Amino acid sequence: CNEIQWDPSGRMVATIVTQPMFGSVAMRYQLENGFNIWSFQGEPLRKEQMEHFYQFAWRPRPKSTLDAKETQKVMRGLKNYMNRYAKEDEIRRKRLEAAANKEKIESLTAFRE
């Protein structure tokens, strides 16, 4: 890696191998060009290798479309949103688990017959 960049949010980091445009050094990096993206916890998220890779840049973060009053409203209701979606996630997880268990029981019943 010849470059490391944190994304603007601070949640991810990229390790990058870029190929210089000119000179004898350009041949050295030609086979290793690409980037790896990691979470802030060190988990690998994505690995891309490509030929003729010269530059890596994060997209700029757009400014919020919410004004200060709307932002405060969202922040005040954040716990409610989190709780609501956590309940929905739990219901979905239980449904998937029940479907998987049903499939196991059907397989076991078919095996016993």
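First, a word on scope: everything that follows refers to the structure included in this document. Note that the coordinates shown come from a computational prediction; the quantities given were computed from them, not determined experimentally. (Residues numbered from 1 in each chain as written. Predicted model: local features only at pLDDT ≥ 70, side-chain atom pairs only at ≥ 80, totals over all residues. Heavy atoms only, no water.)

### Points about the pattern of salt bridges
Okay, step 1: For the structure on display, the rule yields four salt bridges.
Okay, step 2: Between Arg46 and Glu48 there is a salt bridge; the shortest N-O distance is 2.9 Å.
Okay, step 3: Here Arg84 ties to Glu88 by a salt bridge, and the two come within 3.9 Å at their closest N and O atoms. Note that Arg84 and Glu88 are positioned in helix H3 (residues 78–112) at a spacing of four residues, about one turn of the helix.
Okay, step 4: For Glu88, a relative accessible area of 43% gives the class partly exposed.
Okay, step 5: A single network of salt bridges, built from pairs that share partners, joins Glu90, Arg93 and Glu97. (Salt bridge = Lys/Arg side-chain N within 4 Å of Asp/Glu carboxyl O. Helix = DSSP H or I, 4+ residues; strand = E, 2+ residues; numbered from the N terminus. Buried < 20%, exposed > 50% of the residue type's maximum accessible area, 1.4 Å probe, protein only.)

### Here we look at the packing of aromatic side chains
Okay, step 1: The full count for this structure, using the stated rule, is three aromatic pairs.
Okay, step 2: Centroid distance Phe35 to Phe56: 5.2 Å. Interplanar angle 50 degrees. Geometry classified as tilted. Of this pair, Phe35 sits in strand S3 (residues 34–39) while Phe56 sits in the loop between strand S4 (44–49) and helix H2 (68–76); the two residues are 21 residues apart in sequence, bridging distant segments of the chain. Accessibility classification places Phe35 together with Phe56 in one group, the buried group.
Okay, step 3: Ring centres of Phe56 and Trp58 lie 5.3 Å apart, and the angle between their planes is 90 degrees; on these two criteria the pair is classed as edge-to-face.
Okay, step 4: With relative accessibility at 12%, the residue Phe56 sits in the buried group.
Okay, step 5: Site record: aromatic cluster; members linked through ring pairs are Phe35, Phe53, Phe56 and Trp58. (Phe/Tyr/Trp six-rings, centres within 6.5 Å; stacked < 30°, edge-to-face > 60°.)

### What about a nonpolar patch on the surface?
Okay, step 1: A cluster of nonpolar side chains, Leu66, Val74, Met75, Leu78, Tyr81, Met82 and Tyr85, forms an exposed patch at the surface whose accessible area comes to about 650 Å².
Okay, step 2: Listing elements by their share of the nonpolar patch, those giving two or more residues are H2 and H3.
Okay, step 3: If you trace the backbone, Leu66 turns up in the loop between S4 and H2.
Okay, step 4: Under the relative-accessibility criterion, Leu66 is labelled partly exposed at 39%. (Patch = residues over 30% accessible without salt bridge, like charges linked within 9 Å, V, L, I, M, F, W, Y side chains within 5 Å. Areas by Shrake-Rupley, 256 points an atom, 1.4 Å probe, with all protein chains shown as cover.)

### Examining unusual backbone geometry
Okay, step 1: Positive phi, normally seen in glycine, also occurs at His52, with a value near 55 degrees.
Okay, step 2: Along the chain, His52 turns up in the loop between S4 and H2.

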